[in-house]
Amino acid sequence: MSVRETEDAYLVPSYTKLPLTVVRGEDVWVYDEKGEKYLDLYSGHAVCGIGHSHPKLVKAISEQAGKLIFFSNAVYNDTRAEAAKLLIESAYPGSKSVFFVNSGTEANEVALKIARRATGRPRVIAMENGFHGRTIGSLSATGNQKLRDDFPENLSNLTDFVPIGDFDTLEALMGEDVAAIILEPITSVGGVRIASRKYYDSLRELCLGYGTALIFDEVQTGFGRTGEMFAGMHWGLEPDITTSAKGAAGGFPLGCVILNEAIASAPAPGEHGCTFGGGPLAMAALKANLEILKEQKLVENAREMEIVVRDVLGAIPEILAITGKGLLLGLELECPAKPIVQGLLSRKIIVGGCDRPSMIRLLPPLTVREEHIRMLADALVEALAVAKQGA
Ligand SMILES: Cc1ncc(COP(=O)(O)O)c(C=O)c1O
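Residues numbered from 1 in each chain as written. Predicted model: local features only at pLDDT ≥ 70, side-chain atom pairs only at ≥ 80, totals over all residues. Heavy atoms only, no water.

In the structure shown here, the tally under the stated rule is 26 salt bridges. Measuring nitrogen to oxygen at the nearest pair gives 2.8 Å for the salt bridge that ties Glu295 to Lys56. Taken together, the residues Glu295 in helix α10 (residues 280-295) and Lys56 in helix α3 (residues 55-67) connect sequence positions 239 residues apart. Exposure remark for Lys56: the relative accessible area of 28% places this residue in the partly exposed category. The partner of Glu291 in a salt bridge is Lys287, and the shortest N-O contact between them spans 3.6 Å. Remark: Lys287 and Glu291 occur in helix α10; sequence separation between them is four residues, near one turn of the helix. (Salt bridge = Lys/Arg side-chain N within 4 Å of Asp/Glu carboxyl O. Helix = DSSP H or I, 4+ residues; strand = E, 2+ residues; numbered from the N terminus. Buried < 20%, exposed > 50% of the residue type's maximum accessible area, 1.4 Å probe, protein only.)

See the structure below:
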């Protein structure tokens, strides 16, 4: 049996997969089983921000594996201590402490639980096109109604959904019973959207006024993706709780829940736990990831490459708009995105789609350079022309 036949036979059929087998990766490139190389402008789902299999990350994980693969949070560990300190120093200035988990949805579960515990309130306000994960708590705050309706036992009866950027509707729903407002500061899965600076400022003020926790889900936007270490830094404001995952450890599973001073004492000892959270391998990967982002100035590169993308791709007439920030960018097309994503794949370039049918998502490794963006532009022009002929 081929790799594809074997996976199809033995794995739960949960995912719609690209017709591609990836066996190796290096920087912005991944290779299939025949050694053919593909330009990955999707970072394996917004994860490998430092590029695939970065040598420093490989070394850090290998050395840690040789020293200690695992011991739980029942003991202290040198690598965990160093990684946690480095993370808090790189996060929002008001950040006080971090709780480590293993994924994005788990981070949001914990954040919502802590916000409810800290405020003693039940309700949550979330965004209509927000995405926070697929476990029951995170699903309850995920905007996509179809996903929630498939599992009606979720807590969305305690959640109000509002369009991102619409402050008046949000303010009208606010009350003394709202534990948290949760949002991706720049939405991604539901379509790449960003609100005005005034909106984020007003949101911060509103939460302070009501004693409501502001949760930024930075599972995608964290760790330099948008051209700042965390997205709220673009507007000089900070949430009470930051969740992050994907780009946190260069591809090693890791989720983080970062608490600011005001909320840090809310979870009482013993109230929450996570066996694998903060395991030494994940911590070695987090530390190496943070060091690489700094040494290679990758957050700065994300800012510079956004300008290149806007210059080079903005000149293509079939691209109606480019939304987002840094290297979390949506290309709004005048035609459906799906055939273009497929057309790019047949030209050996990987990009993403999203819930918005006419949008392509670019989430390349933060190591991407102008030559790669020009390769994308050439392939896009070809794929768009083929789609036009077929229309
Ligand atoms: C903004 C956001 N939050 C949460 C999640 C869930 O993360 P995970 O798949 O690691 O559970 C995702 C995944 O795409 C996401 O984009």
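Attention now goes to the side chain of Thr187. Locating Thr187 in the fold gives a position in strand β8 (residues 186-187). At 2.7 Å, the side chain of Thr187 forms a polar contact with the backbone oxygen of Gly191. (Polar contact = N/O pair within 3.5 Å; in protein donor to acceptor, adjacent residues only side chain to side chain.)

Before going further, it helps to examine the sheet that holds strand β13 (residues 319-325). Taking strand neighbours across the sheet as the criterion, the three strands line up as β13-β14-β16 in an open arrangement whose pairing is antiparallel. The open sheet is flanked by β13 and β16 (359-362), the only strands paired with a single partner. Sheet twist, expressed as the average angle between the axes of neighbouring strands with direction ignored, equals 20°. Across the sheet, helix α11 (residues 298-314) lies against β13, β14 (328-333) and β16, angled at about 175° from β13, the strand it touches most. (Pairing = 2+ DSSP bridges. Axes fitted to C-alpha atoms, helices over the stretch in contact; angles between N-to-C directions. Contact = heavy atoms within 4.5 Å.)

In protein chemistry, a disulfide is the covalent bond that joins the sulfur atoms of two cysteines. Under the criterion given, the structure shown has zero disulfides. Unpaired in this structure, Cys256 has its nearest cysteine sulfur neighbour in Cys274, at a distance of 11 Å. In this structure Cys354 is a free cysteine whose sulfur lies 13 Å from that of Cys335, the closest cysteine sulfur available. (Disulfide = S-S within 2.5 Å.)

To continue, consider the nonpolar core. Counting residues in each nonpolar core, the largest one holds 96 residues, and the members touching the most others are Ile181, Leu183, Tyr199, Leu313, Ile360 and Leu380. Of the residues forming this core, the biggest block, eight residues, is contributed by α10. Setting aside chain neighbours within four positions, we find Ile360 in contact with Leu329, Gly330, Leu331, Leu333, Ala337, Ile340, Val341, Leu344, Val351, Gly352 and Leu380. Membership of the second largest hydrophobic core comes to 21 residues, among which are Val101, Val124, Ala180 and Ile263. (Core = buried A, V, L, I, M, F, W, Y, C linked by side-chain atoms within 4.5 Å.)

By convention here, two paired aromatic rings are described through the distance between centres and the angle between planes. Under the counting rule described, the total for this entry stands at five aromatic pairs. With 5.7 Å between their ring centres and 80° between their planes, Tyr199 and Tyr200 make a pair best called edge-to-face. Neither Tyr199 nor Tyr200 differs from the other in exposure class; each is buried. A network of ring pairs unites the aromatic residues Tyr92, Phe223 and Phe230 as a single cluster. The side chain of Arg24 reaches across the aromatic face of Tyr31, ending 4.0 Å from its centre. (Phe/Tyr/Trp six-rings, centres within 6.5 Å; stacked < 30°, edge-to-face > 60°. Lys NZ or Arg CZ within 6 Å of the ring centre and 35° of its normal.)

A few words on the packing of α11 against helix α13 (residues 370-390). Two elements in contact, α11 and α13, have axes separated by 10 Å at closest approach and are oriented at 25°. Here α11 lies roughly parallel to α13, going by the angle between them. Of the two elements, α11 crosses α13, and the hand of that crossing is right-handed. Every residue of α13 that contacts α11 at Met305, Val308, Val309, Val312 and Leu313 is listed here: Glu370, Ile373, Arg374, Leu376, Ala377 and Leu380. Split by residue class, the contact of α11 with α13 holds nine nonpolar, no polar and two charged. (Parallel < 35°, antiparallel > 145°, perpendicular 65-115°, else oblique. Left-handed = near helix turned anticlockwise from the far one by under 90°. Nonpolar A, V, L, I, M, F, W, Y, C, P; charged D, E, K, R; others polar.)

So, on to the sheet that holds strand β12 (residues 255-260). If you trace the seven strands from one edge of the open sheet to the other, you get β4-β12-β11-β10-β7-β5-β6, paired in mixed fashion. Taken across any chain shown, the strands that pair with only one partner, and hence form the sheet edges, are β4 (95-101) and β6 (159-162). Across the sheet, the mean angle from the axis of one strand to that of its neighbour is 20°, orientation sign disregarded. As paired strands, strand β10 (residues 213-217) and strand β11 (residues 241-244) are joined by three bridges and run parallel to one another. Looking at β11, one finds that Ile215 is bridged to Ile241. Against the sheet, helix α4 (residues 78-90) touches β4 and β12, its axis set at about 130° to β4. Across the sheet, helix α5 (residues 104-119) lies against β4, β5 (123-127), β7 (178-183), β10, β11 and β12, angled at about 165° from β11, the strand it touches most.

What follows covers the site of the ligand. Residues in contact with the ligand amount to 13 residues; listed here are only the nearest, Gly104, Thr105, Asp217, Gln220 and Lys246. Within the backbone of Thr105, a nitrogen or oxygen atom sits 2.9 Å from an oxygen atom of the ligand. In the environment of the ligand, an oxygen atom lies 2.9 Å from a nitrogen or oxygen atom belonging to the side chain of Gln220. Alone, the ligand offers 390 Å² of accessible surface; in the complex the protein occludes 82% of this. Tallying contributions element by element places α5 first for the shell around the ligand, with three residues. Grouping the amino acids of the shell around the ligand by side-chain chemistry returns three nonpolar, seven polar and three charged. (Near = heavy atom within 4 Å. Areas by Shrake-Rupley, 256 points an atom, 1.4 Å probe, with all protein chains shown as cover.)

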